[in-house]
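Residue-level listing of the chains:
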Amino acid sequence: MGRAFEYRKAAKLKRWGHMAKTFTRLGKQIAIAVKAGGPEPDTNPTLRSIIATCKRENMPKDNIERAIKNAMGKDQSEYKSMTYEGYGPHGIAIFVDTLTDNTTRTVADVRSVFNKFGGNLGTTGSLAFLFDHKCVFTFKKKDGMDMEEFILEMIDYDVEEDYEEDDEEGTITIYGAPTSYSAIQKHLEECGFEDVGGEFTYIPNDTKDVTAEQRETINKMVERLEEFDDVQTVFTNMKPEEVEE
C-alpha cells in the first residue's frame, strides 16, 4: 500500500494536516476561485469543487453565498497562495500553507512562531524532498459501484491505486498528482459523481517518532500557527498518534 494510505490509517483522520479556521480558510478559497473564473458554479469548476468541500465541512449556505458576493466587490483584496517551510522543535519538518493579501505580514507572523519554539524557517523548496504533494478528491459513492474497475480507469488520470471509503458518509477519497487536478475533477463530474470536492495536501515520505512531551510542544506550535487568519493548513512529518477504533 502507498505511503498516503498508511499515513491516514495510522492517524485515523479524515483530513491530512492540522486544519486552520475552517470557514475563514474556505472563504478565501472561494474569493480566489470567483476572481479567476466568475461567481457561477455551473461555469466555474474550481468554485464548484470548493462549494462541495464547504458542504462537507457544514459551512452554512448563507456563508457560502456571502463569500461569493464579497469576492465580486471592487474592494476585495487579492489573495496570494504562499507556502512556508522549516524545522520545528525536535527536528520535526513543518509546512505552512497560507492565503494572504500581505506576504510581509504573513512571513513575519510565521517566522515569529518558529523562533518562539526554537525552530528555523527555511527557504521555499528546502524541505520538499520530505513530503509528497498530492491532490485529494472526496465524492459520493454510487450504488453498486465496482471499485476495482473504477480505480483501474482512474489510473489513466494519475490517480493512485489506494483509496479510502467512508461507509458512514457514503464517500470515496482518492489521491493523484497535483498537475492532474483539473483533469481528475473534470472526469469525475463527467462520470456523474455528486459533491466532488478537491484540495491539495502534503504527505510525509517518512514520519518521525516523538515522545508524549515532544508531541505536546509541537502541537502547541501548530495551534499557534493556526491562530493566524492567513494560515490555511499546517502539515508535519510527526508520526500520528495512534487512536483506538
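Procedures and definitions
Residues numbered from 1 in each chain as written. Predicted model: local features only at pLDDT ≥ 70, side-chain atom pairs only at ≥ 80, totals over all residues. Heavy atoms only, no water. Helix = DSSP H or I, 4+ residues; strand = E, 2+ residues; numbered from the N terminus. Buried < 20%, exposed > 50% of the residue type's maximum accessible area, 1.4 Å probe, protein only. Contact = heavy atoms within 4.5 Å. Areas by Shrake-Rupley, 256 points an atom, 1.4 Å probe, with all protein chains shown as cover. Axes fitted to C-alpha atoms, helices over the stretch in contact; angles between N-to-C directions. Parallel < 35°, antiparallel > 145°, perpendicular 65-115°, else oblique. Left-handed = near helix turned anticlockwise from the far one by under 90°. Nonpolar A, V, L, I, M, F, W, Y, C, P; charged D, E, K, R; others polar. Salt bridge = Lys/Arg side-chain N within 4 Å of Asp/Glu carboxyl O. Arc of directions from axis to C-beta. Phe/Tyr/Trp six-rings, centres within 6.5 Å; stacked < 30°, edge-to-face > 60°. Lys NZ or Arg CZ within 6 Å of the ring centre and 35° of its normal. Patch = residues over 30% accessible without salt bridge, like charges linked within 9 Å, V, L, I, M, F, W, Y side chains within 5 Å. Lys, Arg positive; Asp, Glu negative; His and termini not counted. Charge placed at Lys NZ, Arg CZ, Asp CG, Glu CD. Pairing = 2+ DSSP bridges.

Student: Help me get a handle on the overall build of the protein, residues and values and all.
Tutor: For the protein, the count of helices and strands is eight helices and nine strands. Residue burial in the protein is summarised as follows: out of 245 residues, 44% are buried. The contacts in the protein between residues at least 6 apart in sequence include a share of 74% that link residues at least 24 apart. When the accessible surface of the protein is split by element, carbon and sulfur atoms take 46% of a total near 13,000 Å².

Student: How would you summarise the packing of helix α2 (residues 22-37) against helix α3 (residues 45-56) if you had to cite specific residues and measurements?
Tutor: Packing of α2 against α3 brings their axes to within 9 Å, and their N-to-C directions diverge by 165 degrees. Regarding the angle of α2 to α3, the classification is roughly antiparallel. The handedness of the crossing between α2 and α3 is left-handed. On α3, the residues that touch Leu-26, Gln-29, Ile-30, Ala-33 and Val-34 of α2 are Thr-46, Leu-47, Ile-50, Thr-53 and Cys-54. By residue class, the composition of the contact of α2 with α3 is seven nonpolar, three polar and no charged.

Student: I'd love a proper account of the pattern of salt bridges, names of residues and values included.
Tutor: Side chains carrying opposite charge are able to pair once their charged atoms draw close together. Counted by the stated rule, this structure contains nine salt bridges. Salt-bridge contacts for Asp-230 lead to Lys-28; the nearest nitrogen and oxygen are separated by 3.1 Å. One end of the pair, Asp-230, is in the loop between α8 (212-226) and β9 (231-236); the other, Lys-28, is in helix α2, with 202 residues separating them in the sequence. Each member of the pair, Asp-230 as well as Lys-28, is classed as buried. Via salt bridges that share partners, Lys-28, Asp-101, Arg-105 and Asp-230 belong to a single interconnected network.

Student: Tell me what's going on with helix α4 (residues 61-71), and back it up with residues and numbers.
Tutor: Each α-helix winds once per 3.6 residues, and so residues spaced three or four apart point in a common direction. Every buried residue belonging to α4 is among Ile-64, Ala-67, Ile-68 and Ala-71, and all of these are buried. On an axial view of α4, the arc spanned by its buried residues comes to 95 degrees, and they lie on one face. Within α4, the exposed residues directed more than 90 degrees away from the buried face are Asp-62 and Lys-69. The inward-facing, buried residues of α4 abut α2 and α3.

Student: Summarise the packing of aromatic side chains; cite the residues concerned and give the values.
Tutor: Under the counting rule described, the total for this entry stands at nine aromatic pairs. Aromatic pair Phe-137 and Tyr-181: ring centres 4.8 Å apart, planes at 40 degrees, arrangement tilted. Placement of Phe-137 in strand β5 (residues 131-140) and of Tyr-181 in helix α7 (residues 181-190) is noted, with a sequence separation of 44 residues between them. Taking the centre distance of 4.9 Å and the plane angle of 25 degrees together, the rings of Tyr-181 and Phe-200 count as stacked. With a gap of 19 residues between them, Tyr-181 in helix α7 and Phe-200 in strand β8 (residues 197-204) connect regions that are remote in the sequence. Given the relative accessible area of 39%, Phe-200 is considered partly exposed. These aromatic residues form a ring-pair network of at least three members: Phe-95, Phe-131, Tyr-202 and Phe-235. The aromatic ring of Phe-193 is capped on one face by Lys-142, whose charged end is 4.6 Å from the ring centroid.

Student: Can you break down a negative patch on the surface residue by residue, with the values?
Tutor: Taken together, the side chains of Asp-146, Glu-148, Glu-149, Glu-153, Asp-156 and Asp-158 make up a negatively charged region of the molecular surface. With respect to the helices, strands and loops of the structure, Glu-153 is situated in helix α6 (residues 147-154).

Student: I'd love a proper account of the pairing of strand β2 (residues 80-87), names of residues and values included.
Tutor: Note that β2 and strand β3 (residues 93-100) share eight bridges and pair antiparallel. Considered in β3, the bridge of Ser-81 is made with Leu-99. Counting the residues in the hairpin turn of β2 and β3 gives five residues, including His-90, whose phi is positive at 65 degrees.

Just distances and angles here, no functional claims.
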